[in-house]
Amino acid sequence: MSFSQNREPITIEDGFKLIDAAVTKLTRIIEGKPEPPFLPEEYIGNYTIVYNMCIQKPPHDSSGPLYEKYGAILQAYDKLTILPSIMEKHDEYMLREVSRWWEINKIMVRWLSHFFYYLDRYYIARNGIPSLTVVGMTCFRDHVYEKVHFNVKQVVIALIHKEREGQQIDRALLKNVLDLFVQNGMGNMERYEKDFEDFFLTETNSYYSRKASSWIQEDSCPEYMIKAEESLKKEKERVSHYLHSDTEPKLVANVQTNLLVLVAKQLLEKENSGCSALLRDDKTDDLSRMYRLYHAIPEGLEPVAVAFRLHVTAEGNSLIKQAEDAATSGIVEEQVLVRKIIDLHDKYMAYVTDCFQNHTLFHKSLKEAFEIFCNKKVAGSSSAEMLATFCDNLFKKAANDKSNDDSTIESTIDNVVKLLDYISDKDLFAEFYRKKLARRLLFGKFSDDHERSILTKLKGQFGGQFTSKMEGMVTDMQLGKDQQTGFEEYLKNANTGKPKGIDFTVTVLTTGFWPSYKTSDLNLPLEMVNCIESFKAHYEIKTNHRRLMWIYSLGNCNLTARFDAKPIELIVSTYQAAVLCAFNHTERLTYQELIDQLNLSHEDLVRVLHSLSCAKYKFLKKEPASKTISKTDSFEFNSKFTDKMRRIKVPLPPVDDRKKVVEDVDKDRRYAIDASLVRIMKSRKVLPHQQLVSECVEQLSRMFKPDIKMIKKRIEDLITRDYLERDTENPNTFKYVA
C-alpha cells in the first residue's frame with residue numbers, strides 16, 4: 001500500500017483491499033516469516049489511506065466501517081491464528097506458546113493502532129467508544145484468554161509446585177505468562193485474582209498444610225523453624241521473580257498460618273526442643289528465629305510470650321522450693337535465694353533485650369512471672385523481709401570489707417530496686433529496711449555512699465515519700481558527727497561531772513524518722529548517769545523546748561573486765577554493761593536483786609543474763625548451772641574466766657521484731673486506706689461501692705495490695721466517723737460528708 005495523490009473518494013472495497021494487504025505483510029513480519037520490513041513511505045501510506053477515508057465528506061466518510069474493520073482484523077487473527085496455535089500445545093510448551101503469542105498480539109495491536117491512529121484522534125473521541133488499544137485487548141481477552149486461562153493456570157501452579165519441591169523452572173516464562181492475567185484485567189486486578197491467585201493460594205494452603213503436618217511430626221522445633229523461615233524466604237522470592245506484588249501479603253499470611261499459627265501450640269511445647277527447652281539450653285539463635293517468625297504475624301507473639309512467662313515462672317518457683325527445702329529451723333538463706341533470683345532476672349532480661357528485641361510483650365511476661373514467685377513466702381519469711389535482709393547483709397559486708405568493688409555493689413543495688421518493683425508489699429520492705437538501716441547506722445556498719453546510692457534509686461523508682469524517713473535517718477547520722485564534736489568542745493571548756501577516762505558518744509535521733517523503740521527506766525551505774533547529765537546540760541544550751549528520750553536498748557559499751565588471769569576488754573550492750581557493773585560492789589546477786597536494782601523488764605533481764613552466763617562466754621556463774629534462766633537463780637562474777645582473746649564482743653540475741661513490723665505496717669495501711677477513700681470521695685462526691693473499692697485499690701497498689709475486706713471495714717469506720725454516708729435510696733452508694 002503506497003502513498004498516492006488520489007483526489008477521487010476511496011471506496012470501502014478499495015480501501016479494505018489495501019488495508020488487508022498491509023495486515024498480511026504485518027502478520028508475516030511479526031511472526032518472523034520471510035518478509036521485508038515496512039519502508040517509511042509504506043508506513044506513512046498505510047496511515048494516509050485510513051486518514052483519507054476518514055476525512056471524505058458524507059456519504060464517503062468511512063470512519064465507522066474502518067473502526068469495525070479494525071476489530072474484525074484482530075478478532076480473525078485471535079480466533080484463526082493465535083488460539084489454534086496455543087490449543088495444540090500442552091504443559092510448559094503451551095506456556096511458551098501463550099507467552100510468544102501474547103507478545104505478538106501486543107505488537108500487532110500497537111502497529112495497527114498506528115495505521116488507524118486517525119480514528120483514535122477524532123472518531124473515537126467524538127463518539128465516546130473504546131479506544132483502539134482497548135479494542136485490541138478486549139478481542140484477545142474474549143477470543144483467546146477466556147479459552148486458555150484455565151489450562152494456563154493449571155500448568156503455572158504445577159510448575160510452582162515443582163519449584164517448591166526443589167526443581168529448576170523458567171521463572172522469566174512464568175513472569176510473562178502471569179502478566180497475561182494482569183493485563184487482561186484491563187486496569188484492575190480482578191482477572192489475576194479470580195482466574196489465578198485464588199486457585200494458587202488454595203493450592204499453597206494445601207501444600208503447606210501437608211508440609212506442616214509432616215514436619216511437626218518429624219522435626220525438632222529448631223529444625224521446623226529453619227524450614228518455615230526458608231519457605232517464607234522462597235515464597236517472597238517468587239513474588240519478586242514472577243508473581244504480582246499484590247500477592248505477597250496474602251501469600252505470606254497463607255504460609256504463616258499453616259506453618260506457624262496453626263501449629264504454634266505443638267511447636268512451642270515440643271518435648272526436649274520447644275520454647276522451654278530452648279530457654280533452658282540457652283539457644284539464643286533459635287529463640288531469635290522464633291521471635292522473627294512470630295513477630296511478623298499479627299498477635300503471633302502472644303503464644304511465645306505465654307510460653308516464656310510459664311517457663312520463667314517455673315524456674316522461679318523451683319528456686320523458691322529449693323530455698324524452702326534448704327531452710328533449717330525456719331532460717332532462710334536469703335543471701336543465696338536473692339542472688340539466684342537476681343541471676344535469673346539477668347539471664348531472662350538478656351533474652352528479652354537480645355532475642356526478643358525489647359518487645360513490650362516479653363517485658364510484660366517477665367514482670368508477670370517474677371510477680372508470681374517473688375511474692376511467695378519461704379519458711380514464713382515474706383519476700384519483702386528477705387530482700388531487706390539481703391540488703392542489710394550486703395551493706396554490712398561492704399562496710400567491713402573495703403576491698404569490695406563499688407561497681408559490683410552498684411550493680412547489685414540496681415538489681416535490688418528492679419526486684420522490689422515485682423514485690424507487692426513495698427511498704428513492708430520499707431519498714432523492714434528502715435529497721436535494719438537503723439541498726440547499721442547506729443552500730444557504724446555502713447558506707448555513706450552505698451546507703452545514699454540505694455536511697456536515690458529507690459526514690460527515683462517509688463517516689464520521695466517512700467524514702468523520706470530513711471533519708472532523714474542518714475542525715476541524722478551526719479548531723480550527729482557535728483553534734484559530737486560540739487559536745488567534746490563543751491566538755492573541754494566546762495567543768496562537768498563526767499568521770500575522767502570515760503569516752504561518751506551520743507547520737508540524737510529525730511523521732512519521726514526512726515523506727516519506734518521500747519524505752520525503759522534502766523537504773524544506770526553512776527558513771528553513766530554522770531555522762532548523761534553532762535550531755536543534757538550541753539543539749540539544753542544548744543536547743544530550746546526539745547526533750548531527750550534515752551533509748552538504752554540501742555546503746556553499747558566497751559568495758560574492761562579484770563579477771564584473775566588477765567584483763568579483757570568486753571564490747572557489750574548498755575543492758576549487759578549495767579548488769580556486769582552491778583557486780584563491781586558485790587560478789588553475788590540473785591535474779592530478784594538484779595531486777596529490783598536495775599529496773600529491767602523480765603524479758604530483757606532474761607536475755608541479758610542468758611548471754612552472760614549460759615552462752616559461749618560465761619562471765620557470770622549461775623546457780624543452779626542450767627541452760628535456762630529462772631527467777632530463783634543466783635549469779636556471781638566468774639573471776640576465773642579466761643580466753644586467748646584480749647578483746648571480746650559479747651553477742652546479745654536480738655529480739656524478733658518481725659511481728660511488730662507487720663503490725664506497724666498494718667496500722668499504716670489502715671491510715672493509707674482511710675486517706676485514699678476520703679481523697680476519692682472528696683473529689684467524686686458520690687460513688688457506688690464497687691467503683692470506690694476499685695479506685696482505692698488502683699491508688700494504693702503501687703505500694704501494697706490492699707485487702708478488700710480491710711477496705712470495707714475502713715469504709716464502715718469512716719461512716720461511723722461521719723466522713724461518708726450511705727445513700728438513703730441505694731445502700732450500695734456512698735456520699736461524701738462535707
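Residues numbered from 1 in each chain as written. Predicted model: local features only at pLDDT ≥ 70, side-chain atom pairs only at ≥ 80, totals over all residues. Heavy atoms only, no water.

Colleague: Which parts of the structure should I look at to understand the confidence of the model for the chain?
Modeller: When pLDDT is averaged across the chain, the result is 87; 97% of the residues are at 70 or more. In the model, residues 1-6 has pLDDT below 50 throughout and makes nine contacts with residues more than four positions away in sequence or in other chains. (pLDDT = per-residue confidence, 0-100. Contact = heavy atoms within 4.5 Å.)

Colleague: In this structure, what is going on with the sheet that holds strand E4 (residues 620-623)? I would like to understand it.
Modeller: Each strand in a sheet pairs with another by means of backbone hydrogen bonds, the pair being arranged parallel or else antiparallel. Read from one edge of the open sheet, three strands run E3-E5-E4, paired in antiparallel fashion. Edge positions in the sheet fall to strand E3 (588-590) and E4, since each has one partner strand and no second. Put simply, the sheet's adjacent strands are angled 25° from each other on average, direction ignored. Two elements, E3 and strand E5 (residues 634-637), share three bridges in a ladder whose sense is antiparallel. Its bridge partner lying in E5, Leu589 is registered against Phe635. On the sheet, helix H24 (residues 591-598) packs against E3 and E5 and is oriented at approximately 85° with respect to E3. (Pairing = 2+ DSSP bridges. Helix = DSSP H or I, 4+ residues; strand = E, 2+ residues; numbered from the N terminus. Axes fitted to C-alpha atoms, helices over the stretch in contact; angles between N-to-C directions.)

Colleague: Explain the pattern of salt bridges to me, please; I cannot follow it from the model alone.
Modeller: A side chain of one charge can pair with a side chain of the opposite charge if their charged atoms are brought near each other. The full count for this structure, using the stated rule, is 55 salt bridges. For Glu165, the salt bridge goes to Lys211, with nearest N and O atoms at 3.4 Å. With Glu165 in the loop between helix H6 (132-164) and helix H7 (171-183) and Lys211 in helix H8 (residues 190-218), this pair connects stretches of sequence that are 46 residues apart. Judged by its relative accessible area of 42%, Glu165 falls in the partly exposed class. Glu431 serves as the salt-bridge partner of Arg434, at 3.0 Å between the closest nitrogen and oxygen. Here Glu431 and Arg434 lie together in helix H19 (residues 426-442), a separation of three residues that amounts to about one turn. The same class applies to Arg434 as to Glu431, namely buried. One continuous salt-bridge network, built from bridges that share partners, spans Glu163, Arg164, Arg171, Glu235 and Arg238. (Salt bridge = Lys/Arg side-chain N within 4 Å of Asp/Glu carboxyl O. Buried < 20%, exposed > 50% of the residue type's maximum accessible area, 1.4 Å probe, protein only.)

Colleague: It is not clear to me how the domain arrangement of the chain should be interpreted in this structure. Could you clarify?
Modeller: Where the parts come together, the accessible area they lose is often given as the size of the interface. Here the chain is partitioned into domain 1 (12-187), domain 2 (380-462), domain 3 (479-552), domain 4 (555-655) and domain 5 (658-736). Computed from C-alpha atoms alone, the centre-to-centre distance between domain 3 and domain 4 is 25 Å. Listed as interface residues are ten residues of domain 3 and, on the opposing side, 14 residues of domain 4. Here domain 3 and domain 4 share an interface that buries about 890 Å² over both sides, 56% of which is from carbon and sulfur atoms. The largest contributions to the domain 3 side of the interface with domain 4 come from Leu522, Asn523 and Tyr552, which together make up 46% of the buried area. Applying the counting rule to domain 3 against domain 4 returns zero salt bridges. Considered class by class, the residues forming the side of domain 3 that touches domain 4 number six nonpolar, two polar and two charged. (Domains from an automatic or database assignment. Buried area = accessible area lost by both parts, 1.4 Å probe. Nonpolar A, V, L, I, M, F, W, Y, C, P; charged D, E, K, R; others polar.)

Colleague: Would you take a moment to explain empty space enclosed by the protein for this structure?
Modeller: Throughout the structure, instances matching the rule amount to three cavities of 30 Å³ or more. Looking at the largest cavity, its volume works out to about 120 Å³. Ile320, Leu337, Val338, Ile341, Phe373, Cys374, Lys376, Ser383, Met386, Leu387, Leu419 and Ile423 together form the lining of the largest cavity. Class assignment of the residues belonging to the lining of the largest cavity gives a composition of ten nonpolar, one polar and one charged. Space inside the second largest cavity adds up to approximately 40 Å³. If you go around the second largest cavity, the residues you meet are Phe446, Asp448, Val474, Met477, Gln478 and Lys481. (1 Å grid on protein atoms, 1.4 Å probe; cavity = no way out; pocket = protein on both sides within 12 Å on 5 of 7 lines; lining within 4 Å. Points joined across faces, edges and corners; volume = space filled by probe spheres on them.)

Colleague: Hey, could you run me through the state of the cysteines in this one?
Modeller: Joining two cysteines, a disulfide is a covalent bond between their sulfur atoms. By the definition in use, this model includes zero disulfides. Sulfur of Cys221: no disulfide; nearest cysteine sulfur belongs to Cys275 and is 7.6 Å away. (Disulfide = S-S within 2.5 Å.)

Colleague: Explain the layout of surface pockets to me, please; I cannot follow it from the model alone.
Modeller: It is a probe the size of a water molecule, rolled over the atoms, that shows where empty space is left. Here the second largest pocket defines a volume of roughly 730 Å³. Listed by contribution, the elements that provide at least two residues to the lining of the second largest pocket are H19, helix H21 (464-493), helix H26 (658-684) and helix H27 (689-700). Counting residues per element, the lining of the second largest pocket draws most heavily on H26, at seven residues. Taken together, the residues that form the lining of the second largest pocket break down as eleven nonpolar, five polar and eight charged. Mapping the lining of the second largest pocket onto the domain boundaries places at least three of its residues in each of domain 2 (380-462) and domain 5 (658-736).

Colleague: Help me out: how do you make sense of unusual backbone geometry in this one?
Modeller: Backbone geometry follows two general trends: most residues other than glycine have a negative phi, and most peptide bonds adopt the trans configuration. Residue Glu623 is joined to Pro624 through a cis peptide bond whose omega torsion reads -5°. Relative to the helices and strands, Pro624 resides in the loop between E4 and E5. One non-glycine residue, Glu299, lies in the positive phi region at around 60°. Summarising the element assignment, Glu299 is placed in the loop between helix H13 (284-295) and helix H14 (301-326). Positive phi values are uncommon outside glycine, yet Ala379 reaches one of about 50°. Mapped onto the secondary structure, Ala379 falls in the loop between helix H16 (360-373) and helix H17 (383-400). On the accessibility criterion, Ala379 (24% relative accessible area) is partly exposed.

Colleague: How should I be thinking about H13 in this particular structure?
Modeller: The periodicity of an α-helix, 3.6 residues per turn, causes residues three or four places apart in sequence to face the same way. Taking 1.5 Å per residue, twelve residues should reach 16 Å; H13 reaches 16 Å between its end C-alpha atoms and fits that length. Within H13, the full set of buried residues consists of Asp286, Leu287, Ser288, Arg289, Met290, Tyr291, Leu293 and Tyr294. (Expected span 1.5 Å × (residues − 1).)

Colleague: Would you explain the packing of H17 against H19 in this entry?
Modeller: The axes of two packed helices give the description: the angle between them and the distance between them. At a minimum axis distance of 8 Å, the contact between H17 and H19 shows a crossing angle of 25°. By the angle class used here, H17 and H19 are roughly parallel. Here H17 and H19 pass one another in a crossing that is right-handed. Residues Ala384, Glu385, Leu387, Ala388, Thr389, Cys391, Asp392, Phe395 and Lys396 of H17 form the contact with H19, whose own contacting residues are Leu428, Phe429, Phe432, Tyr433, Lys436 and Arg440. (Parallel < 35°, antiparallel > 145°, perpendicular 65-115°, else oblique. Left-handed = near helix turned anticlockwise from the far one by under 90°.)

Colleague: What's the story with the packing of H24 against helix H25 (residues 602-613) in this structure? I'm lost.
Modeller: The contact between H24 and H25 brings their axes to 11 Å, and the two run at 120°. Classified by the angle between their axes, H24 and H25 sit oblique to one another. The interaxial crossing formed by H24 with H25 has right-handed handedness. Together, Tyr591, Leu594 and Ile595 of H24 and His602, Leu605, Val606 and Leu609 of H25 make up the contact between the two elements. Residue composition of the contact of H24 with H25, grouped by class: six nonpolar, one polar and no charged.

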